[in-house]
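Analysis of the macromolecular model
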Amino acid sequence: MLRLVAGRIASSIGTLLFVGLALFALTRSGPGSPARIVLGAEATAEQIAQFEQAHGLDRPFLSQYAAWLGDVTHGDFGRSFVTGRDVASEIANALPVTLAIVAFAFLIALVFGIGIGVLAALKPGGAFDRISRFASVLGLSVPAFWLGIVLIRFLAVDLRLLPPGGYFPLSSGLSLHLQSILMPSLSLAVYYIAVLARMTQASLQETLRGDYVRTARAMGLSSRQVVFYALVNALPPVVNLAALSFGYMFGWALIIEQVFNIPGLSRALLNAISQRDFLLLQGIVFLFTAIFVFANLGADLINRMLDPRQRAAA
Amino acid sequence: MLTVPKSRRAFLAAAAGGALGGVLPASLLHAQPNNGKTLTIVLPSNPITIDPINQLNHDAMVLGQTVFENLVEYDVDGVLKPQLAKALPVISADKKTYTFELRDDVTFHNGKKMTAEDVKYSFDYLLDPANKAARRSLFTRITKVTVLDPLKVQFELSEPYGPWLYFLTKYMGIYPAGSRKEHGDDYFKSKPAGVGTGFGVFEEWKPNDYISFRKNPNYWRKGLPHWDRLVVKMIPEDATRVAYLLTGQVDLISAPPPREFNRLKTMPGITGASRPTLGGALLMYTNNLKAPFDDVNFRKAVSAAIDRKTIGEKVYYGLLDPSSVPAPARGWWFNAEADKELGFDLAKATALLAKSKYATGAEFDLSIQAEPYLLDTKDAAIFVQAQLAKIGVKVNLKVYEFSVLIQQAIRGEHQAALQVFMSPGEPSYIMQVCLTPEQVLSKSTGYNNPEFNQTLATAFAETEESKLKELYGRLQALAARDAPIGVLGYVHASNLWRQAVQDVKVNQGLTIAPGEIKV
């Protein structure tokens, strides 16, 4: 087990190094210079060149990458040459905001996705199954940004139940905090509720058709016990999908934070892209990659705990 | 089949009800309600600096002008009037020396009295090439700043150049002598506390969220500002910005969506107004050095094929005043004859095209900006594409981010590019920057006409409005003759605000002028 974890961590670091290199290549190959953003439309070619020299943007690509990587290993993500702010502290300020929204959305998606999937699987073709299939198609089809705007329109503007946007940290009080993340998290979660519900239903139905389930029933196990054991066996693909969903949610948060005016990591990323703020852009995408990679690692470990066959294989 | 005990179901229902009750109390708290005298306003974009000598964006100037002030102010009505100076400057007969007498009741936010030394220091810093001020090029005709006495300062220019006074409001500010060395440039960029004289004292910048200011208790204009705290929020999404206003989270928003503006301003509890800007032009940079814009008849045909009135009324719902020359129709220097020469006339457009090198039709790429700035140019671009198709000209729309598009225009790599260009509102600015050589946007058109350049230089040395009107009129006539640049019109600045807020004056040159607004 320990060897497995060590191996996976090593391959994760390799992935991160590769992503870092690809990021460097992509950010620097695009048109537009941060110097033009910082100095404005009327800056002369000489001013642009001075700026690029002062910030090392004129150095060879690999030399820039090596210097950045060296700094990152010391926890130094550099200082944004657009805003002048420390990238690490900017990420540290914005990360809890995005994490709160994504974590809450993930929780909603897990509870409702798995819950609906299980209930639908118990009586295939029943009323709940049919309704949940229809709702899942709807959930998969509705764009999150549109849903966000609709929620703002009805829950905030018309009914005045929730604030239209913005973020309150937990330190402002639980009620305010939950009010500020409810609509964004819900908008983010709806798609993944549908995805997880479909996967749970399909996987559980498949498992319930297994010979050992029939044997378990014949041996007199209660329905609840049978479903519980079947669910444990049906979970591995759901866990894998949930881990992927957790990573993807950080990407979708980009749109959600824009719609709900939330000062999180994704919004910082969007600004970094439009302002050619290379260092901030690299820092955030690097972090997103790390989250994605480690979420998958976590999923593998959970699956090994759930599935004895995988433990035996290890 | 699973059977859930009734008691458990009841328990879960009660728990869910209790949790929901905790989350949604009767108070229905909303984010940052407007208590007391806090004025909360919203900008559509994310600023990157408050430093007055590096201002880039029309919206962000609201921040710089809250903290910093200038010798003279180009005010919300488009009138040049004294600000930190007691009166407008005394100008020498050769128009090369400007002498300002300063107010003696102005203190910086750090409590230090403002003197002529501070003015000299501020300009010397701006003009030193080592400091890389983004707007330095506008002021390079200033050769020397001299302190005559603690409240009198003199500027010497290398040649007559009247417009520089108009550029101060947007691109300059006065800060204490020695403050740049003491604090460093990043301080002016992101936390300029204590270094301005304006009505707002910098308080906090929360990235991607808001920037706040406290009232300056020692402001020299007694009784102002009317608020205790000013919060400037950044909300890029149109629908969210409007929702914040409708739910009372903010007091005033800028850049409301044009198609919603007329409906929103009549909603209960909401007031709105728009005002034409003198310097916000919707321009089509046509590259005169590249085909097909290398032919004057083709350029004029394109101009004549565009129905600006319909664009103003139907595409931008009245938030664009049509004009085909680089002057706003409401400006005192507008030349209606020249405007007519380049105005919409489909038959004329067809005839001009037939006279051009491209009589059988042509095709060109029109670069447009991805992110809206005051107006979304994509709407106009689609309309222009359809109109030019009527005379046999095919337009390929190419969408770029601002930084890429402006780079193309500066380097002259484009064929044509459509953009809202926000100038300070002074008559000569657009003509100088886009239509004379050795300027930042010279290559956006590639136009270089000695007669045009000489007429503009004559205007720089003139101060009398009647003579200036004639000179600017002549420049527009030359622009009508050669059609070196496409002009579609001048944009309106528009604001929406809650009725609880009073004395809002929509600014001609700024997105929002918060100083005199009452909460």
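Since we're looking at a predicted model, the values are computed, not measured.

Some points on the nonpolar core
When a protein is soluble and globular, its nonpolar side chains tend to lie buried together. Residue and element names in this part refer to chain B. Residues Phe298, Ile311, Phe364, Leu366, Leu388, Leu418 and Leu488 are the most contacted members of the largest nonpolar core, which totals 132 residues. With sequence-adjacent residues up to four places away left out, Phe364 is seen in contact with Pro292, Phe293, Phe298, Leu388, Val393, Lys394, Val395, Asn396, Gln415 and Ala416. Core analysis: the second largest hydrophobic core is formed by 107 residues, Met61, Trp220, Leu252 and Leu283 among them.

What about the packing of aromatic side chains?
The final tally for this structure, using the stated rule, is 39 aromatic pairs over all chains. With a centroid separation of 5.7 Å and 65° between ring planes, the pair formed by A:Phe228 and A:Tyr229 is classed as edge-to-face. The class of A:Phe228 is exposed, set by a relative accessible area of 52%. On the basis of relative accessibility, which here comes to 48%, the residue A:Tyr229 falls in the partly exposed class. Through successive ring pairs, a cluster of aromatic residues spans B:Phe68, B:Tyr121, B:Tyr125, B:Tyr175, B:Tyr187 and B:Phe188. Here the guanidinium or amino end of A:Arg85 rests over the ring plane of B:Trp205, the centre of that ring lying 5.0 Å away. Looking at B:Arg180, its charged tip hangs above the ring of B:Phe188, at a distance of 3.8 Å from the centre.

Some remarks on the sheet that holds strand E6 (residues 142-149) of chain B
Residues and elements named next belong to chain B. Reading across the sheet, the 4 strands line up as E4-E5-E7-E6 and stay open at both edges, with antiparallel pairing between neighbours. Strands with a single pairing partner mark the edges of an open sheet, and in this sheet they are strand E4 (90-91) and E6. Of the strand pairs in this sheet, E4 and strand E5 (residues 97-101) are connected by 2 bridges, and their pairing is antiparallel. Within E5, the residue paired with Val90 across the bridge is Thr99.

Things to note about the side chain of B:Asp209
Within the secondary structure layout, B:Asp209 lies in the loop between strand E8 (200-206) and strand E9 (210-215). Beyond its immediate chain neighbours, meaning those up to four positions away, B:Asp209 contacts A:Pro263, B:Val232, B:Lys233 and B:Met234.

Remarks on the interface of chain A and chain B
Tallying the contact residues gives 48 residues for chain A and 47 residues for chain B. Approximately 4600 Å² of surface area, both sides summed, lies buried where chain A meets chain B, with 59% of it carried by carbon and sulfur atoms. On the surface where chain A and chain B come into contact, there are 0 salt bridges. Applying the counting rule to chain A against chain B returns 8 residue pairs in polar contact (both at pLDDT 80 or more). The set of elements that each furnish at least two residues to the side of chain A that touches chain B consists of helix H2 (34-39), helix H3 (45-54), helix H5 (87-122), helix H7 (144-158), helix H8 (174-208), helix H10 (223-259) and helix H11 (265-274) of chain A.

Here we look at the confidence of the model for chain A
On average, residues of chain A score 87 in pLDDT, and 96% of them reach the 70 mark or higher. The weakest mean pLDDT in chain A belongs to helix H13 (residues 308-313) of chain A at 68; the strongest belongs to H8(A) at 95.

Here's the deal with the environment of A:Leu161
All names here are of chain A. Within the secondary structure layout, Leu161 lies in the loop between H7 and H8. Among the residues examined, Leu161 registers a relative accessible area of 29% and is labelled partly exposed. Along the sequence, Leu161 and Ala230 sit 69 residues apart, while their C-alpha atoms lie 41 Å from each other.

Conventions and cut-offs
- Residues numbered from 1 in each chain as written.
- Chains lettered and ligands numbered in written order.
- Predicted model: local features only at pLDDT ≥ 70, side-chain atom pairs only at ≥ 80, totals over all residues.
- Heavy atoms only, no water.
- Core = buried A, V, L, I, M, F, W, Y, C linked by side-chain atoms within 4.5 Å.
- Buried < 20%, exposed > 50% of the residue type's maximum accessible area, 1.4 Å probe, protein only.
- Contact = heavy atoms within 4.5 Å.
- Phe/Tyr/Trp six-rings, centres within 6.5 Å; stacked < 30°, edge-to-face > 60°.
- Lys NZ or Arg CZ within 6 Å of the ring centre and 35° of its normal.
- Pairing = 2+ DSSP bridges.
- Helix = DSSP H or I, 4+ residues; strand = E, 2+ residues; numbered from the N terminus.
- Buried area = accessible area lost by both parts, 1.4 Å probe.
- Salt bridge = Lys/Arg side-chain N within 4 Å of Asp/Glu carboxyl O.
- Polar contact = N/O pair within 3.5 Å; in protein donor to acceptor, adjacent residues only side chain to side chain.
- pLDDT = per-residue confidence, 0-100.

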